[in-house]
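# What the coordinates show
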Amino acid sequence: MTESAVHRAIDAVWRIESAKLIASLARMVGDVGQAEDLAHDALVAALEQWPASGVPANPGAWLMTTAKRRAIDGFRRTQRVVRTHEELGRELDARQETTERDIHAALDDDIGDDLLRLVFTTCHPVLSPDARVALTLRLLGGLTTPEIARAFLVPEATIAQRIVRAKRTLAAAHVGFEVPRADERPARLASVLEVIYLIFNEGYVATGGDDWIRPELCDEALRLGRILAELMPQEGEVHGIVALMELQASRSRARTGASGEPILLLDQDRARWDHLLIGRGLEALARAQALGSFGPYTLQAGIAACHAQARTAAETDWDRIVALYDALTELVPSPVVQLNRAVALGMAFGPAAGLEATDAVADDPSLASYHLLPAVRADFLMKLGRFEEARSALERAAALTRNTRERALLLERAAACVNDGAA
């Protein structure tokens, strides 16, 4: 195997094994930052040794054993945590007498619990949302700092600072590496789900840059959601968020044209939707509902299911979507949810009803710079034949968005208003 091939193999192994490696090490040393350092030490050792010795038969076990040796060396140097040092030494000595297969089996014994602890740690509410996202992608996704920076269109130094500060904040707050108690779990789980959906949304509709969608972020959020569903199979909202992401991701191929330009939902070629993902999403939705979950993610998944099950845009059950938005508004009374409800209301009962509902939230301060507010108004105004007002609204929406693809689409629609008005 060539050196470049070995490096590609190491990269693949790291993406697969890093979260499990960091999770297990964090349980042993009690510090996420130190666990990541130990894992990276093992990665450096692999980069130094594997090109000459070859990729071991069980690379995950090799990395774990190497990291544990580094941990023991650290304990010896600082002469701290004597009991833990002795336990780690005995464990390592015992495992050196077994086969690599036995090592791998032993390492996996508690991996589910360790991963769940890591999920709740990286998504801890003591961290800001930006810090949670960066730390989760770094520790659970195995993404490098440059990769995260590119995905969110921010400088590498900014992401590096967020990660460093996040780890310091966790240490300063003495956040335990543990699954929260049953009475704390709902609030903490909400933070976890929020992080996963923030990652997915940035991939699904990029807030800035030259690309309308970033599939790698959608894929990463889906991977994290599926892992969480395996770790917490009795939590309905976990299946709800997985269902929502599966159903939304099923449209990815139809959401952009040949040149990367956005294609809106009602204009998409539904033959290009991924029916495997639709099936998986509907199954996850059924599991969520069977567990009695009708939380915000499950309700949104129900809305996505209405779209997924409609063979054409004209067959969409807008009445049901309005009813689901009514229920969602009760749970999450946010202006954005109300704006989305206005869209559904306009589709179900006509543009005048939709415009009235849109204008009812138009003065909310939180929507002052939200580009979709004037975009939604413009759509209803166009349908009502008020083209000059629609053009002005579309130009305002274009000025507010930071995504170049979306801006081009909005300006194209604004230009069409001039032609339609002249006609």
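How each quantity is defined
- Residues numbered from 1 in each chain as written.
- Predicted model: local features only at pLDDT ≥ 70, side-chain atom pairs only at ≥ 80, totals over all residues.
- Heavy atoms only, no water.
- Helix = DSSP H or I, 4+ residues; strand = E, 2+ residues; numbered from the N terminus.
- Buried < 20%, exposed > 50% of the residue type's maximum accessible area, 1.4 Å probe, protein only.
- Contact = heavy atoms within 4.5 Å.
- Areas by Shrake-Rupley, 256 points an atom, 1.4 Å probe, with all protein chains shown as cover.
- 1 Å grid on protein atoms, 1.4 Å probe; cavity = no way out; pocket = protein on both sides within 12 Å on 5 of 7 lines; lining within 4 Å.
- Points joined across faces, edges and corners; volume = space filled by probe spheres on them.
- Nonpolar A, V, L, I, M, F, W, Y, C, P; charged D, E, K, R; others polar.
- Core = buried A, V, L, I, M, F, W, Y, C linked by side-chain atoms within 4.5 Å.
- Axes fitted to C-alpha atoms, helices over the stretch in contact; angles between N-to-C directions.
- Parallel < 35°, antiparallel > 145°, perpendicular 65-115°, else oblique.
- Left-handed = near helix turned anticlockwise from the far one by under 90°.
- Phe/Tyr/Trp six-rings, centres within 6.5 Å; stacked < 30°, edge-to-face > 60°.
- Lys NZ or Arg CZ within 6 Å of the ring centre and 35° of its normal.
- Salt bridge = Lys/Arg side-chain N within 4 Å of Asp/Glu carboxyl O.
- Lys, Arg positive; Asp, Glu negative; His and termini not counted.
- Polar contact = N/O pair within 3.5 Å; in protein donor to acceptor, adjacent residues only side chain to side chain.

## A short note on the overall build of the protein
Looking only at helices and strands, one finds 20 helices and two strands in the protein. Burial analysis of the protein (423 residues in total) assigns 48% to the buried set. Of the contacts made within the protein by residues no fewer than 6 positions apart, 64% connect residues no fewer than 24 positions apart. Total accessible area on the protein stands at roughly 20100 Å², and carbon and sulfur atoms take up 52% of it.

## Let's talk about empty space enclosed by the protein
Counted under the stated rule, the structure contains two cavities of 30 Å³ or more. Every residue along the wall of the second largest cavity is listed here: Val119, Cys123, Thr136, Leu140, Val192, Ile196, Leu224, Ile227 and Leu228. Where the lining of the second largest cavity is concerned, the elements lending two or more residues are helix 10 (185-204) and helix 11 (215-231). For the lining of the second largest cavity, the leading source of residues is helix 11, giving three residues. Across the lining of the second largest cavity, the residue classes tally to eight nonpolar, one polar and no charged.

## Comments concerning the nonpolar core
Counting residues in hydrophobic clusters, the biggest one holds 87 residues, and the most contacted among them are Leu25 and Leu228. For this core, the leading source of residues is helix 1 (residues 3-29), giving 12 residues. Membership of the second largest hydrophobic core comes to 18 residues, among which are Leu367, Ala390, Ala393 and Leu394.

## Considering the packing of helix 16 (residues 335-349) against helix 18 (residues 372-383)
Helix packing for two helices is described by the angle between their axes and how far apart those axes are. Interaxial distance between helix 16 and helix 18 falls to 11 Å at its minimum, and their mutual angle equals 15 degrees. Classified by the angle between their axes, helix 16 and helix 18 sit roughly parallel to one another. Crossing angle aside, the handedness with which helix 16 passes helix 18 is left-handed. On helix 18, the residues that touch Leu339, Ala342, Val343, Gly346 and Met347 of helix 16 are Leu372, Leu373, Val376, Phe380 and Lys383. Looking at the contact of helix 16 with helix 18 residue by residue, the class counts come to eight nonpolar, one polar and one charged.

## Some remarks on the packing of aromatic side chains
If you walk through the whole model with that rule in mind, you get four aromatic pairs. With a centroid separation of 6.0 Å and 5 degrees between ring planes, the pair formed by Tyr197 and Phe200 is classed as stacked. Residue Tyr197 and its partner Phe200 are both found in helix 10; the two are separated by three residues, about one turn of the helix. Judged on exposure class, the residue Tyr197 and its partner Phe200 are both buried. Here a set of aromatic residues connected by ring pairs shows up, and it is made of Tyr197, Phe200, Tyr204 and Tyr297. Sitting over the ring of Trp273, Arg251 keeps its end group 6.0 Å from the ring centre.

## Description of unusual backbone geometry
With glycine set apart, most residues show a phi of negative sign, and most peptide bonds adopt trans. The backbone phi angle of His174 is positive, close to 55 degrees, even though this residue is not glycine. Tracing the backbone shows His174 in the loop between helix 9 (156-172) and helix 10.

## Examining the pattern of salt bridges
Scanning the model with the defined rule gives 22 salt bridges in all. Taking the shortest distance from any N to any O, the salt bridge between Arg138 and Glu36 comes out at 2.7 Å. With Arg138 in helix 7 (residues 129-139) and Glu36 in helix 2 (residues 32-53), the pair connects residues that are 102 residues apart, well separated along the chain. You can call Glu36 buried: its relative accessible area is 1%. In this structure, Arg391 engages Glu388 in a salt bridge whose closest nitrogen and oxygen atoms are separated by 2.2 Å. Here the residue Arg391 and the residue Glu388 both occupy positions in helix 19 (residues 387-400), the gap between them amounting to three residues, near one helical turn.

## Brief notes about the packing of helix 10 against helix 12 (residues 236-249)
Between helix 10 and helix 12, whose axes approach to 11 Å, the crossing angle comes to 5 degrees. Here helix 10 lies roughly parallel to helix 12, going by the angle between them. Along the contact surface, helix 10 presents Leu189, Leu193, Ile196, Tyr197, Phe200 and Tyr204, while helix 12 presents Glu237, Val238, Ile241, Leu244, Met245, Gln248 and Ala249. For the contact of helix 10 with helix 12, a count of residues per class yields 11 nonpolar, one polar and one charged.

## Let's talk about the side chain of Arg270
Relative to the elements of secondary structure, Arg270 occurs in the loop between helix 12 and helix 13 (275-290). Within the buried set, Arg270 has no salt-bridge partner at all; the shortest N-O distance to an opposite charge, 8.0 Å, is to Glu315. Looking at Arg270, its side chain comes within polar contact range of the main-chain oxygen of Ala310, at 3.0 Å. In this structure, Arg270 is in contact with Leu265, His275, His307, Ala310, Arg311, Thr312, Ala313 and Thr316, ignoring residues within four places of it in sequence.

## Considering the environment of Ser191
Checked against the element boundaries, Ser191 lands in helix 10. With a relative accessible area of 5%, Ser191 lands in the buried category. The residues touching Ser191, leaving out its near neighbours within four places in the chain, are Cys123, His124, Pro125 and Arg132. In terms of polar contacts, Ser191 uses its side chain to reach the backbone carbonyl oxygen of Cys123, at 2.4 Å.

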